[in-house]
Amino acid sequence: MAGGRSFVTRQDIRAKYGVGANVVTGWIARPDFPAAEAPQAAGASRGREAEQFDEAAVDNWVLSHENQLWLATHEGEEAAREAALRQLPQGNPGDLLDLDDFRTLLGDFNRGKPIARGTMQSYRSRGQIPVADRREGDGLRPEVYEDMWLRRTVYNFIVDQPGMGGRGVGRATKKDPDIAR
């Protein structure tokens, strides 16, 4: 520590926020990320791994640009998950959503535009999204004529989807007890 400031390396950033090397490299490449400073220790290794960053500046940057990740690091995964859920449109958890609703919500959350229908159908056929809560001919009411998901199923998947750990959202560990079969 020099002059009351703490410094962190790329490895420290990865460890603190639980992200991979590629995520940190992407952050550092952004023009608004805090600039690297010279290594503090005499004889320190060379290269990118020796770069040092002002810890408070990095933390402020993460707060501004990766809010859910910052929340998970500082307030816990449940706080980050709740923040992610608040970003989704309000609605009854028991609402039935079709594949187009699902792809729109998932795409908007992840990248600001719906996922192509064909891509979503591929996800479904490969088991990369949850099995539909309702299917044609399942004998439940109201009758449905295509695969349908409960809003809560879609929202839980969106905030718990694989890869979201890097964005600070934990994965659900409990089965939804509210789904009546």
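Just so you know, these numbers come straight off a predicted model, no measurement behind them.

Undergrad: Teacher, can you tell me more about the packing of aromatic side chains here?
TA: We describe a pair of aromatic rings using the distance from one ring centre to the other and the angle between the two ring planes. Across all of its chains, the model carries six aromatic pairs by this definition. Aromatic pair Trp27 and Trp61: ring centres 5.5 Å apart, planes at 50 degrees, arrangement tilted. Here Trp27, found in helix H2 (residues 21–29), pairs with Trp61, found in helix H3 (residues 55–65); they are 34 residues apart in sequence, far enough to count as distant. Residue Trp27 is classed as buried on the basis of its relative accessible area, which comes to 5%. Aromatic side chains Phe33 and Phe53 sit 5.7 Å apart centroid to centroid with 75 degrees between the ring planes, which places their arrangement in the edge-to-face category.

Undergrad: What's the story with the environment of Phe102 in this structure? I'm lost.
TA: Topologically, Phe102 is positioned in helix H6 (residues 99–111). Every residue in contact with Phe102, bar those within four places of it in the chain, is listed here: Met120, Ile129, Pro130, Trp149, Val154 and Phe157.

Undergrad: For this particular structure, what's the right way to read the packing of helix H5 (residues 77–87) against helix H8 (residues 151–160)?
TA: Two quantities define a packed helix pair, namely the angle between the axes and the distance from one axis to the other. Interhelical geometry of H5 versus H8 gives an angle of 125 degrees and a closest axis separation of 10 Å. With respect to their mutual orientation, H5 and H8 come out oblique. The crossing of H5 and H8 is right-handed. Along the contact surface, H5 presents Arg81, Ala84 and Leu85, while H8 presents Tyr155, Asn156, Val159 and Asp160.

Undergrad: Help me out: how do you make sense of unusual backbone geometry in this one?
TA: Excluding glycine, a negative phi dihedral is what most residues carry, and trans is how most peptide bonds are arranged. The omega angle of the peptide bond from Arg141 to Pro142 is -5 degrees, so this bond is cis rather than trans. As for its position among the elements, Pro142 is in the loop between helix H7 (117–125) and strand E4 (149–150).

Undergrad: What's the story with the packing of H6 against H7 in this structure? I'm lost.
TA: Between H6 and H7, the least distance of the axes is 10 Å, while the angle of their chain directions is 100 degrees. When the axes of H6 and H7 are compared, the pair comes out roughly perpendicular. Contact residues: H6 offers Leu99, Asp100, Phe102, Arg103 and Leu106, while H7 offers Arg117, Met120, Gln121 and Arg124. Among the residues forming the contact of H6 with H7, the class breakdown is four nonpolar, one polar and four charged.

Undergrad: Please explain the confidence of the model for the chain as it appears in this structure.
TA: A low pLDDT means the predicted coordinates there should not be read in detail. The pLDDT averaged across the chain works out to 84; a share of 81% of its residues lies at or above 70. Note that pLDDT drops below 50 for residues 165–181; the model gives that stretch 37 contacts with residues more than four away or on any other chain.

Undergrad: Looking at this structure, how should I read the pattern of salt bridges?
TA: Think of it this way: side chains of opposite charge can pair up when their charged atoms draw near. Considering all chains together, one arrives at 14 salt bridges under this definition. Glu51 is paired through a salt bridge with Arg10; the nearest N and O atoms lie 2.9 Å apart. Of this pair, Glu51 sits in the loop between H2 and strand E2 (53–54) while Arg10 sits in helix H1 (residues 10–17), placing them 41 residues apart in sequence. Connected through shared salt-bridge partners, Arg5, Glu37 and Asp54 make up one network.

Undergrad: Teacher, can you tell me more about H3 here?
TA: Side chains three or four residues apart in an α-helix point the same way, a direct result of the helix having 3.6 residues per turn. For H3, the full list of buried residues reads Val58, Asp59, Trp61 and Val62. Angular distribution of buried residues about the axis of H3 spans 160 degrees; they occupy a single face of the element. Along its buried surface, H3 packs onto strand E1 (7–8), H1, H2, E2 and helix H4 (67–75).

Undergrad: What is the right way to read the environment of Ile129 from this model?
TA: Counting through the fold element by element, Ile129 comes out in the loop between H7 and E4. By relative accessible area, Ile129 is classed as buried at 7%. Remark: the alpha-carbon pair of Ile129 and Val154, spanning 25 residues in sequence, is separated by 8.9 Å. Among all residues touching Ile129, those that are not within four sequence positions of it are Leu99, Phe102, Met120, Tyr123, Arg124, Trp149 and Phe157.

So, how was this worked out
- Residues numbered from 1 in each chain as written.
- Predicted model: local features only at pLDDT ≥ 70, side-chain atom pairs only at ≥ 80, totals over all residues.
- Heavy atoms only, no water.
- Phe/Tyr/Trp six-rings, centres within 6.5 Å; stacked < 30°, edge-to-face > 60°.
- Helix = DSSP H or I, 4+ residues; strand = E, 2+ residues; numbered from the N terminus.
- Buried < 20%, exposed > 50% of the residue type's maximum accessible area, 1.4 Å probe, protein only.
- Contact = heavy atoms within 4.5 Å.
- Axes fitted to C-alpha atoms, helices over the stretch in contact; angles between N-to-C directions.
- Parallel < 35°, antiparallel > 145°, perpendicular 65-115°, else oblique.
- Left-handed = near helix turned anticlockwise from the far one by under 90°.
- Nonpolar A, V, L, I, M, F, W, Y, C, P; charged D, E, K, R; others polar.
- pLDDT = per-residue confidence, 0-100.
- Salt bridge = Lys/Arg side-chain N within 4 Å of Asp/Glu carboxyl O.
- Arc of directions from axis to C-beta.

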